[in-house]
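Now for the letters of each chain:
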Amino acid sequence: MKKYKFTKEFLLGGAVAAHQFEGGWDQDGKGLSIADLRRYNPNLNRKDINTERAMTKAKLAEALNPPKDLVFPKRHGIDFYNNWKQDINMFGEMKMKIFRTSISWPRIFPNGDETKPNEAGLEFYDKVFKECKEQGIEPLVTLSHYETPYHLVEKYGGWKSKELINFFTNFAEVVFKRYKNLVKYWMPFNEINAAIYSVWAGAGLKDDEENIETKSYQAMHNLFVANALANKIGKSINQDFKIGCMIAGMMTYPFDCKPENVLLNLHQEQRRKYFYFDVAVGGYYPNYIKKYWERKNIKLDITTEELEIIKNNTSDFSGFSYYMSGVYSVDEQELVEGNLIKFGKNPYLDSNQWGWQIDPVGLRVMMNQIYDRYQKPVFIAENGLGFVEEMKNSSEIIQDDYRIEYLKKHLQQLLLAINEDGVECLGYTLWTPIDVISHGTSEMTKRYGLIYVDQDDFGNGTRKRYKKKSFAWFKNVIETLGETLWDED
Ligand code: BG6
């Protein structure tokens, strides 16, 4: 096999999200976010994390008036808020070229509907982005990574309300202006399709609201309008900005060549994957979704003016997270856990400890599918392996060869997609350079990092940082532009 390498411009680095690592949930005027209301369940069932992820009316009521023993790990993250310099220095030492993080919306607008921003919040990100630049790291900023201010949910009902579009674009404008000389790469929303598959995180809706499917598609439309307006505002502030749409990469195959399975998978791909890019990158609502809404009697408030905004302000690139793949069959099949939803089991693939099926070749397939459809660069915004790890003493180095293997195989496929298939790809940010709180389960036990953080599910520990074996490995990959990916073990 040819030993392909990354170009010097290729943006290779790591990704995190504010609500999973910042902490400082009530410091310097920050407001409550929807993520701050997610509790950790010590009786967590790993085989059913998607039920765990759901936010019901009862769970919300409990979180707003919690019994003493309830733990909210996302409020404390790994305390990056008070460790930012040390952590960014470690990312610099790792030679990361790009660092994807989010700006916590309620840190800038505590309630979301104020007209004036919280200066202390803006100053925090001044320091973070300046330090990145000092370390030679390009920041890539997500404006909303499951961190909608809770007040917007309480008062306006979340993203099903069109009022959120204005609040969001106001927030976007403030931060675009403030960081226009520090940040070039942006993503208005993390996994914009989560509004359908993880309604609390993606849209601030409760899973047991009435007519939830209609409400989540209305929220989805409002998010598309906000996304397009953010593109427009961003470009008017700095025309060199690169602003991309990002989805949760729902890579699936038909279970086999039975024509009905192929057709089912096609329909699932349209609704779960292409729809979001068709609108945000292509600029149009495709017929298959209109027909789906007709069948389901889903009626939405979509104006001609909004359709024009969407058409005229498309995204510069297609970003997606990629952890796993699944299969579809019209016949009964075994289901396994996956990112945001369950999928059918693929007999050819192994799974991680949470049941997510590991499929490096699927990354190459999906890169091709998305690039071919829109002819705009792709960006792999997240990819990584969650694993249970425990450091027994402070001199131990976690030997995470399983993670190295996972990342190596995916990066090889990425290089093949670029060099043998001609896919244009701007960059790759692994999830995560440092252990953070799991989004789906709020546990610390599901560790993805190349740096170990001494902290348990209940927030106990020294929070000291220790390099795992993968730290030096990734540094070497970056320094050699990926040449070492092809070394025999
Ligand atoms: C992505 C999210 O869907 O998956 C991240 O954008 C999240 O926020 C990642 O952490 C991995 O999921 P989890 O549930 O294992 O943390």
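This write-up is about the structure you can find in this document. (Residues numbered from 1 in each chain as written. Predicted model: local features only at pLDDT ≥ 70, side-chain atom pairs only at ≥ 80, totals over all residues. Heavy atoms only, no water.)

## Focus: the site of the ligand
Around the ligand, a shell composed of 14 residues is seen, among which Q20, E191, H439, K446 and Y448 lie nearest. At 2.9 Å, a side-chain N or O of H145 approaches an oxygen atom of the ligand. Put simply, the ligand lies in the largest cavity. (Near = heavy atom within 4 Å. Polar contact = N/O pair within 3.5 Å; in protein donor to acceptor, adjacent residues only side chain to side chain. 1 Å grid on protein atoms, 1.4 Å probe; cavity = no way out; pocket = protein on both sides within 12 Å on 5 of 7 lines; lining within 4 Å. Sits in = over half its atoms within 2 Å of the grid points.)

## A word on the pairing of strand β7 (residues 317–321)
Of all five residues making up β7, five are buried, and the element is well covered by its neighbours. A two-sided burial pattern is seen for β7, the buried positions comprising F317, G319 and S321 on one face and S318 and F320 on the other. Here strand β5 (residues 242–248) runs beside β7; their pairing, made up of five bridges, is parallel. Its bridge partner being in β7, C245 is matched across the sheet by S318. Summarising the sheet, β7 and strand β11 (residues 378–382) pair through four bridges and their orientation is parallel. Bridging from a neighbouring strand, S321 pairs with E382 of β11. (Buried < 20%, exposed > 50% of the residue type's maximum accessible area, 1.4 Å probe, protein only. Helix = DSSP H or I, 4+ residues; strand = E, 2+ residues; numbered from the N terminus. Pairing = 2+ DSSP bridges.)

## Re the pattern of salt bridges
Scanning the entire structure with this criterion turns up 33 salt bridges. Members of the salt-bridge network, linked through shared partners, are E389, D400, R403, D435, R447 and K468. (Salt bridge = Lys/Arg side-chain N within 4 Å of Asp/Glu carboxyl O.)

## Focus on the sheet that holds strand β12 (residues 425–431)
In space, the eight strands of this closed barrel follow the order β1-β2-β3-β4-β5-β7-β11-β12, with parallel pairing throughout. On average, adjacent strands in this sheet sit at an angle of 25 degrees to one another, irrespective of strand direction. Of the strand pairs in this sheet, strand β3 (residues 138–144) and strand β4 (residues 185–189) are connected by four bridges, and their pairing is parallel. By the bridge assignment for β4, T142 is matched with M187. Along the sheet, helix α8 (residues 163–178) makes contact with β3, β4 and β5, crossing β3 at roughly 160 degrees. (Axes fitted to C-alpha atoms, helices over the stretch in contact; angles between N-to-C directions. Contact = heavy atoms within 4.5 Å.)

## Details of the environment of E405
One can find E405 in helix α16 (residues 401–421). What makes E405 partly exposed here is its relative accessible area of 31%.

## Examining the packing of aromatic side chains
All chains considered together, the criterion is met by 39 aromatic pairs. Between the aromatic rings of Y217 and W293, the centroid separation amounts to 5.7 Å while the plane-to-plane angle is 70 degrees, which identifies the pairing as edge-to-face. Taken together, the residues span a long stretch of sequence, with Y217 in helix α11 (residues 212–237) and W293 in helix α13 (residues 287–295) at a distance of 76 residues. For the pair Y217 and W293, one class covers both residues: buried. Ring centres of Y328 and F343 lie 6.5 Å apart, and the angle between their planes is 70 degrees; this geometry places the pair in the edge-to-face category. Separated by 15 residues along the polypeptide, Y328 in strand β8 (residues 325–328) and F343 in strand β10 (residues 343–344) bring together distant segments of the chain. Accessibility assignment for this pair places Y328 and F343 in one class, buried. (Phe/Tyr/Trp six-rings, centres within 6.5 Å; stacked < 30°, edge-to-face > 60°.)

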